[in-house]
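Residue-level structural notes
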Amino acid sequence: MYKIIKVSDGETVGSTEKPYFIKKKTSTGCYVAADEETAQGVAYQCTAYNLQGRDGVGADDTVFLIKYDAGIESDEAAAAIAENSAAIDNLIISMLEA
C-alpha cells in the first residue's frame, strides 16, 4: 500500500494499492496516465496532486508517497476494536448490575 501525504501540512490524503500516476499533456493541458518515471503528479479520488520533486501538473497541493505494510495497520485497528468492545461490554454489565 501507499500513503499519499501532503507536503504542506503532513495530512494523509488517502491510501491506495497502486498510485495513479499522471502528467499534463502540454498540447491540450489535459491530464494523462503516466508511468512512475515520467509522472508529474498523482490522481486520487478524482483530484490531481503535484508529485514532490517533479515539475508538477499545476495542482493546488503537492504530495509524496510512502510505501507501507497495510497488514500492520489492519492488525492495530483490529486490536483497538477488540479493546473498545471489551470496555463497552464491561460498561453494559455495570449498568445492568446497578
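Residues numbered from 1 in each chain as written. Predicted model: local features only at pLDDT ≥ 70, side-chain atom pairs only at ≥ 80, totals over all residues. Heavy atoms only, no water.

So, on to unusual backbone geometry. The backbone phi angle of Gln45 is positive, close to 50°, even though this residue is not glycine. For Cys46, which is not a glycine, the phi torsion comes out positive at approximately 65°. Of note, Cys46 is situated in the loop between strand E5 (41–44) and strand E6 (47–51). (Helix = DSSP H or I, 4+ residues; strand = E, 2+ residues; numbered from the N terminus.)

With mixed pairing, seven strands are arranged side by side in an open sheet as E2-E1-E7-E6-E5-E3-E4. This sheet does not close on itself; its edge strands, each paired only once, are strand E2 (12–16) and strand E4 (31–33). For this sheet the average axis-to-axis angle between neighbouring strands, irrespective of direction, equals 40°. Sheet analysis places strand E1 (residues 2–6) next to strand E7 (residues 62–67), joined by five bridges and oriented antiparallel. Its bridge partner lying in E7, Lys6 is registered against Val63. (Pairing = 2+ DSSP bridges. Axes fitted to C-alpha atoms, helices over the stretch in contact; angles between N-to-C directions.)

Here the focus is the nonpolar core. The biggest cluster of nonpolar side chains holds nine residues, and these are Ile4, Phe21, Ala34, Ala39, Val42, Tyr44, Tyr49, Leu51 and Val63. For Phe21, the residues in contact, after removing those within four places along its chain, are Val32, Ala33, Ala34, Asp35, Glu36, Ala39, Gly41, Val42, Leu51 and Leu65. (Core = buried A, V, L, I, M, F, W, Y, C linked by side-chain atoms within 4.5 Å. Buried < 20%, exposed > 50% of the residue type's maximum accessible area, 1.4 Å probe, protein only. Contact = heavy atoms within 4.5 Å.)

Looking now at the pairing of E5. With three bridges joining them, strand E3 (residues 20–24) and E5 adopt antiparallel strand pairing. Paired with Tyr20 across the two strands is Ala43, which belongs to E5. Inspection of the sheet shows E5 paired to E6 by four bridges, in the antiparallel sense. Across the sheet, residue Gly41 finds its bridge partner in E6, namely Asn50. Counting the residues in the hairpin turn of E5 and E6 gives two residues, including Gln45, whose phi is positive at 50°.

A few words now on the side chain of Lys6. Here Lys6 is to be found in strand E1. Setting aside residues no more than four positions away along its own chain, Lys6 makes contact with Glu11, Val13, Asp61, Thr62, Val63 and Phe64.

Just geometry here; none of it tells us what the structure is for.
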